[in-house]
Amino acid sequence: MTIWFRVVAMVSAVALWAVPAMAEGKPLQDHTEHWNTLWHHVILDMTAIAVVFAAITIWFLVKYKRTSEDQEGDSPSLSFGASMAWAIIPIFLFLADDFYLAANGWKLWNDQRQVPENAMEVKVTASMWSWEYEYENGKTSEDLVVPVGAPVVVRGSSDDVVHGMSLADFRIKEDIMPGRITYLWFYPKEVGEHVWTCTEYCGLNHSDMYNKVVVKSKADFDSWLGTKG
Amino acid sequence: MKEWIFTTDHKRIGILYLVGSIAAFAVAGIMALLIRVELSSLGPTLVEDASQYNVWLYFHGAAMILAFLIPGLTGFVANYCIPLMIGAHDVAFPRINAFSVWLFWFAIVLALLTFVIPDPPDVLWTGYPPYSVQTDGNTAFYVFTVHLLGFSSILGAVNFLCTVIYMRAPGMGWNQLNVFVWTTLGAFVIQLVMIPVLASAVTLLLFDKYLGTTFFNPENGGDVLLYQNLFWFYSHPAVYVILLPAVGIILEVLATFARNPVFNYKVTVYGGIWGTVLLGSDVWAHHLYTSGMVDWLRIGMMVTTLLISLPVGLLTISLVGTLYKGSISFKTPMVYATSTLFLILLGGLTGIPLAMTSLTVHLAETYFVMAHFHYIMGITATFAVFAGVYYWFPLMTGKMYNETYSQIGFWLNFIGVNLTFWPLFGIGIDGMPRRYFDYQMYPEFESTQMLSTVGAFIVAAGMAITILTWIHGAILGEKAKPNPWGSKSMEWTHCEYPPGPGNFPTPPEVTAEWSPYNYGKHTAQSL
């Protein structure tokens, strides 16, 4: 028995060191893709843990069903070593998983928060219950119109209460409020339309506070930006 | 009637907590049904605009957490069971205990006035400024309800900490306590330390709205994020105020119905329970991952939040391990308790991506978060309360509930909650924001919303049957046999059925070998 505890302890110690080391890699420019990749890793991780625990639980429930009315349980007494092993080994396994997740989560976070230098700035102002986008040439719009193939940073504050800027298709979100300037950035890869929603409760018309994000080709965007509106 | 109103007996006070919290649960549950019906189809369904709907949202959240789960677990179960489990004749301060329960009842009445006053609060249970300061809704009702419930909880915390520290039966050491007693101690330590922070946060809200101060108004040097930090500094640990006693009840039920001691008792208590208490107060900012707070703080809180998996993992191992080589019987309390083993997995593991700042940047404020906390906090804790009510039912009433109808109620509840919340994970990942009255931007989610509404009605049927089995059992049930489950815990072995004033015919004393889990060959030394 002891030898097995040692083996498991060694494996978890190695995992603790190696797993965060494996998380090293090249940062991705497009944090949306990065989000989707990490999400699939985490789903696998969650599913593995869930399956192990659920399978053991079901096995116990079936195997140790009471057979006669006066039957008592027969669980073994844990020695001091065994009870500590049942604490330390799981803690090391969970810790290894936590470090793996933290390292990868941190990398994605850096991608999400470091705005590329060539990003186009759009100023946003939130108020109950609409959004206004203002471009560098002074043009304003009720929908967020952006050119394809270049990163966009949306930055601004709120005129009244806390609102939330959310771009579900690009896996990004940030609250917007009076007294602070907050931002989010994203990378529109293809021409198309997406939804921009408010994700912080702001009263009566909270769920009507949405608009389109229109991704246009570079030429269409330039001609749109040139027109008054 | 008089003997209930003026009672200082902890068992009656416990039952007063139960009745009050189940009443709050029923009303808040009806709000949930109204919300679900409203969302079942695109566009306005029940009401024309969101003004009424937002009041339902407020009441559902505030009442379920503050008036059902916390008082149900730390009011009802703790009051009824702790003195019986530790061999005390009552709590340390019985009249203060009576004061707490009546504060709680006044708070419920105040909360129910929401449906009578002209401008009901519409600030959700979180009450974020500046909205809660600017709204025409009556934020003061929210603030005073929180004050009353908070005051009631603080008095309860002092009372029970004193009771457990000073009033254990002669000979009862710390390692001979029921796990439920330990979880409640942990919960009350959190309540005592953290509630004043919540109370101060909502009080500042009151000053801002009605006295013209500017704590949360940036135009005059205030800060809107200050409130969010203060609020979650209590309200995240409040999750553990709910989760810990829930796990305590589940462990008691698992131990009794598997006729096994709690697996790895000392590690469960000192690692699992107290680890959760310690770490649980260092993670609040994961509610602010998308708030606009400084970037580096969000990373620090990601690490502490992930570390919560260590004590909670130990608790989960303890839950499953208690079944090992047991003698398991599937009476109603046990089916509720075993179902929570799966619900905790679902609710707990979906918390992992939400601990990670960068994944939460998409998942925050969507149905994914909503489904996650309904699984771990709403459903798991509610099922634990139900397991507890069924488990101690013969003790409380001296009578037996109807097993068949209780099992039918369970299966309706279990199938219903999964049908309601499982599909919501999916549309949450696809971007469905929570707290929405309508979802014109996502018409493709309509069928999922409808499915969820159907699930909610199955739950409603299950809940109705469940509560009827209690009322029926308490009035018309068969007389229960003493200690029907064969538990070794003191509330079953040393009391009359139901226990009278003073609890024990003769004050109990225990030996060094005694423990509440002396099944088979086990003694206190082998825990």
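Keep in mind the model is a prediction, meaning the values are calculated, not measured.

J.: Help me get a handle on the confidence of the model for chain B, residues and values and all.
T.: Reading fine detail from the predicted coordinates is not recommended where pLDDT is low. Of all residues in chain B, 100% attain a pLDDT of 70 or more, and the chain-wide mean is 94. At the level of chain-chain contacts, confidence expressed as ipTM amounts to 0.91, with global pTM at 0.93.

J.: Describe unusual backbone geometry, naming the residues involved and giving the relevant values.
T.: Most peptide bonds are trans, and most residues other than glycine sit at a negative phi. At the junction of methionine 128 of chain A and tryptophan 129 of chain A, the peptide bond is cis and its omega measures out at 0° in the coordinates. When you line up the elements, tryptophan 129 of chain A lands in the loop between strand E1 (120–127) and strand E2 (130–134). Following tyrosine 497 of chain B, the chain continues to proline 498 of chain B via a peptide bond in cis, the omega torsion being -20°. Inspection of the secondary structure puts proline 498 of chain B in the segment after helix H19 (490–493). Positioned with a positive phi, lysine 325 of chain B is a non-glycine residue whose angle comes to about 55°. Turning to its location among the elements, lysine 325 of chain B is positioned in the loop between helix H12 (309–321) and helix H13 (332–349). With a phi angle near 65°, arginine 435 of chain B is a residue other than glycine that sits in the positive phi range. Considering the arrangement of structural elements, one finds arginine 435 of chain B in the loop between helix H17 (403–429) and helix H18 (446–476).

J.: With reference to specific residues and values, describe the interface of chain A and chain B.
T.: The interface of chain A with chain B comprises 67 residues on the first partner and 72 residues on the second. Elements represented by at least two residues in the side of chain A that touches chain B include exactly helix H2 (31–63), helix H3 (80–113), strand E6 (163–167), strand E7 (172–176) and strand E9 (192–198) of chain A. The element contributing the most residues to the side of chain A that touches chain B is H3 of chain A, with 16 residues. Of the residues that constitute the side of chain A that touches chain B, the class distribution is 36 nonpolar, 18 polar and 13 charged.

J.: Would you mind going over the sheet that holds strand E5 (residues 152–158) of chain A in detail, with residue names and values included?
T.: All names here are of chain A. Read from one edge of the open sheet, five strands run E3-E2-E1-E5-E8, paired in mixed fashion. Looking at strand neighbours, the two that pair on one side only are strand E3 (140–141) and strand E8 (182–186), the edges of this open sheet. Sheet topology places E2 next to E3; two bridges connect them, and they run antiparallel. From the neighbouring strand, glutamate 134 faces E3, where its bridge partner is threonine 140.

Rules of the game
Residues numbered from 1 in each chain as written. Chains lettered and ligands numbered in written order. Predicted model: local features only at pLDDT ≥ 70, side-chain atom pairs only at ≥ 80, totals over all residues. pLDDT = per-residue confidence, 0-100. Helix = DSSP H or I, 4+ residues; strand = E, 2+ residues; numbered from the N terminus. Contact = placed C-beta atoms within 7 Å. Nonpolar A, V, L, I, M, F, W, Y, C, P; charged D, E, K, R; others polar. Pairing = 2+ DSSP bridges.

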